[in-house]
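Structure at a glance
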Amino acid sequence: MSGSEVDHGGVPVDHMQQLPRLRRIEGQVRGVQQMIETGRYCVDVAHQIDAVIAALRRVQSDMVRDHMHALVQSSLASDLSEAERQRLADEVGSLIARIV
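Keep in mind the model is a prediction, meaning the values are calculated, not measured. (Residues numbered from 1 in each chain as written. Predicted model: local features only at pLDDT ≥ 70, side-chain atom pairs only at ≥ 80, totals over all residues. Heavy atoms only, no water.)

Quick look at helix α3 (residues 42-76)
Between its terminal C-alpha atoms α3 stretches 51 Å, which fits the 51 Å expected from 35 residues at 1.5 Å a residue. Listed as buried for α3 are V45, V52, A55, V59, D62, V64, D66, H67, M68, A70, L71 and S74. (Helix = DSSP H or I, 4+ residues; strand = E, 2+ residues; numbered from the N terminus. Expected span 1.5 Å × (residues − 1). Buried < 20%, exposed > 50% of the residue type's maximum accessible area, 1.4 Å probe, protein only.)

Put into structure tokens, the structure is as follows:
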């Protein structure tokens, strides 16, 4: 079992599908740098920064969704201790508080 499966209560979570999106975001950030270097209009730069932030939020949302799904699956497993169930429930609460 990999480290991430242990962290997800034994339920595997694959975030590898996020890598192409993150690479696109990386390109967007390089584009923002280039816009600044070439003296582009501030409003245009600000719009591109908004696009980068929105793309990162989508990655965050998908990852948190998948993580919470794994935590719920783990918490429903009958072979977890009550302490482990509580830890998973606390983690779900913490994730919700962080993204709200």
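Let us keep going from here.
Notes on the packing of helix α2 (residues 18-37) against α3
One can describe the packing of α2 onto α3 by two numbers: an axis separation of 10 Å at closest approach and a directional angle of 165 degrees. Between α2 and α3, the angle falls in the class roughly antiparallel. Here α2 and α3 pass one another in a crossing that is left-handed. Contacts from Q18, R21, L22, I25, Q28, V29, V32, M35 and I36 of α2 reach α3 at D44, V45, Q48, I49, A51, V52, A55, L56, R58, V59, D62 and M63. (Axes fitted to C-alpha atoms, helices over the stretch in contact; angles between N-to-C directions. Parallel < 35°, antiparallel > 145°, perpendicular 65-115°, else oblique. Left-handed = near helix turned anticlockwise from the far one by under 90°. Contact = heavy atoms within 4.5 Å.)

What about the side chain of D62?
Tracing the backbone through its elements, the reader meets D62 in helix α3. Note on D62: relative accessible area 18%, which makes it buried. A distance of 2.4 Å separates a polar atom in the side chain of D62 from a polar atom in the side chain of R21. Setting aside chain neighbours within four positions, we find D62 in contact with Q18 and R21. (Polar contact = N/O pair within 3.5 Å; in protein donor to acceptor, adjacent residues only side chain to side chain.)

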